[in-house]
Amino acid sequence: MPDAATVSAITPGLLDAIRAVVGDRGILTDASDTAAASEDWRRLYKGRTSAVIRPGNTDEVAAVVKLCVAAGVPIVTQGGNTSMVGGAVPNEDGSELVLSTARLNRVRDIDPVDMTLTIEAGVTLKAAQNFAAEKGCLLPLSISSEGTAQIGGVLAVNAGGNNTVRYGNARDLVLGLEAVLPDGTIWNGLRRLRKDNTGYCLRQLFVGSEGTLGIITAAVLKLVPQPKETAVAFCAVATAADALELFARVQAHDAAAISAFELMSGLGTSFVLKHIPNAALPVEKPAPFYVLVELATPRPNAGLRASLEFVLEGALTDGVVQDAAIAESEAQRAAIWRLREEHSEAQKREGASVKNDVSVPVSKVPAFIDEATAACEKLIPGVRCVPFGHMGDGNIHFNLEQPVGADPAWFLDQDHPIMETVNEVVRKYDGSFSAEHGIGKLKPYMMPDWRGGAELALMRRIKDALDPLGLMNPGKVLP
Ligand code: 2HG
Ligand code: ZN
């Protein structure tokens, strides 16, 4: 076995041996395929690889890992390649192979009594939600990229998304896991038990590890009953403080029914209206901020709409809300959600943007937004702050769009000072510099500052113990 310092070149012999395991359709070497897998969704990183390996089952993953270990070749595991932090792209020197989970795409089991879904890593989150819905269950995890993002990646990064306020993050939904370890051993921990106190909780090591400790190949996910009633409103508010007041009022009235409480800035929403076909504002006049509030319950005839109307009427009377529209149909509900979910795409089309995926205590969200906005506008005059996100759990995407007419490359070069400026405010409110997108390639340099000392040392010891050769997604997460 090679030692950690030696990383060998990818030889034709290695690719032949891999081809013998996965077959012709399990290995892509065309330039268009390898180029697509080497660039991230945000186009921040352009790496290089000589092949994308697509194993068709867990045994093939294990065999490929063993071949790579013997050859000293690093592996970058990739699902839907929707990472916001460059977590799934190979480096620039072409020394890493990309292992795609796309063909691990089977639903192994779904049980509506146990309320569990046993599913392979390459199934998209959207397809997994649909399987659950067909059995009358809800997979309570929803993110903007769910049509493309795959279960393996969603778990590897511990995605959060729109329903964390009610159901927690991806890690809270994982009962069991199957993974291929960095030496090629298959660990089958696909238990679907609600209680299982048997030593260290190994599955949680892999959730959030971003492919640096092994390759997640399948998981048992917790389901919940499908809502029988849903009510969604789109509300115009003058300030983020008003949005917080609205959140407090909905919580006081029916906290258990809240399934999403999302904030959008007026400017960010104007980008959606500008760039996304058929997007329309459901309220009469533009406002500085908007809130999407969704209530949902598995109880029939629960009167959610009346609940929402009651809270909104009070909020309108007291000037907390300027205007509000409640969805009258599934189509209207989808249109309201689209305004929220297209924020990233619209920002991409508007120009270069620097993202800050941060969290603070929910009660501090307005102060954080006000102070971070002032600090960034001082740092870069003309910068356009477009904060949005999951206000109900305190996770704000404090994104900055380049000043109008500025050079995009120049703007992106300012990413470190911008992120540091935002992070200073995050620190003031005891928040996190990475709420749900993970660390990837973008943020390892921040780790010593935020997670240094015993915490980072422990992470390194875990990494060294599991992946002593450093072949699993090198350069990600740890500095
Ligand atoms: C979302 O909440 C995603 O839509 C993407 O987490 C956030 O683009 C972003 O910064
Ligand atoms: Zn988000």
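Since the model is a prediction, treat every value here as computed from it, not as a measurement.

Definitions and cut-offs
Residues numbered from 1 in each chain as written. Chains lettered and ligands numbered in written order. Predicted model: local features only at pLDDT ≥ 70, side-chain atom pairs only at ≥ 80, totals over all residues. Heavy atoms only, no water. Pairing = 2+ DSSP bridges. Helix = DSSP H or I, 4+ residues; strand = E, 2+ residues; numbered from the N terminus. Axes fitted to C-alpha atoms, helices over the stretch in contact; angles between N-to-C directions. Contact = heavy atoms within 4.5 Å. pLDDT = per-residue confidence, 0-100. Donors = N, O, S within 2.8 Å, 3.2 Å for Na, K, Ca; no water. Buried < 20%, exposed > 50% of the residue type's maximum accessible area, 1.4 Å probe, protein only. Salt bridge = Lys/Arg side-chain N within 4 Å of Asp/Glu carboxyl O.

Draft legend 1. Spatial organisation of the sheet that holds strand E6 (residues 116-120). With respect to topology, five strands assemble into an open sheet ordered E5-E6-E10-E8-E9, the strand pairing being antiparallel. Edge positions in the open sheet fall to strand E5 (107-111) and strand E9 (186-189), since each of these has one partner strand only. Adjacent strand axes in the sheet meet at a mean angle of 10 degrees, parallel and antiparallel pairs treated alike. In the packing of helix H3 (residues 58-71) onto the sheet, the strands contacted are E5, strand E8 (174-180), E9 and strand E10 (215-222), and the crossing angle to E8 comes to about 45 degrees.

Draft legend 2. Expanded view of the confidence of the model for the protein chain. Within the protein chain, residue pLDDT values average 97, and 98% of them lie at 70 or more. Segment residues 1-6: pLDDT under 50, and ten contacts once partners within four positions in sequence are set aside and those in other chains are kept.

Draft legend 3. A look at the coordination of the zinc ion (ligand 2). Protein coordination at the zinc ion (ligand 2) comes from His390 (NE2), His397 (NE2) and Glu436 (OE), with a distance range of 1.9 to 2.2 Å. In the primary sequence, the donor residues of the zinc ion (ligand 2) line up as H-x6-H-x38-E. Comparing His390 with His397, the two get one shared label, buried.

Draft legend 4. Main features of the pattern of salt bridges. Overall, the coordinates contain 24 salt bridges when judged by the stated rule. A salt bridge links Glu330 to Arg333; the shortest N-O distance between them is 3.1 Å. Highlighted residues: Glu330 and Arg333, both in helix H11 (residues 330-341), separated by three residues, approximately one helical turn. Owing to a relative accessible area of 24%, Arg333 belongs among the partly exposed residues under this scheme. Close ionic contact of Glu371 with Lys428 constitutes a salt bridge, the shortest N to O distance being 2.7 Å. Note that Glu371 is positioned in helix H13 (residues 365-379) and Lys428 in helix H15 (residues 415-428), a separation of 57 residues in sequence.

Draft legend 5. Expanded view of the sheet that holds strand E1 (residues 27-28). Strand order in this open sheet of four strands is E1-E2-E4-E3, and the pairing throughout is mixed. Lying at the two open borders of the sheet, with one neighbouring strand each, are E1 and strand E3 (75-78). Both E1 and strand E2 (residues 52-53) contribute to a ladder of two bridges, which runs antiparallel. Paired with Leu28 across the bridge in E2 is Val52. In the packing of H3 onto the sheet, contacts are made with E2, E3 and strand E4 (97-100), and the angle to E4 comes to roughly 170 degrees.

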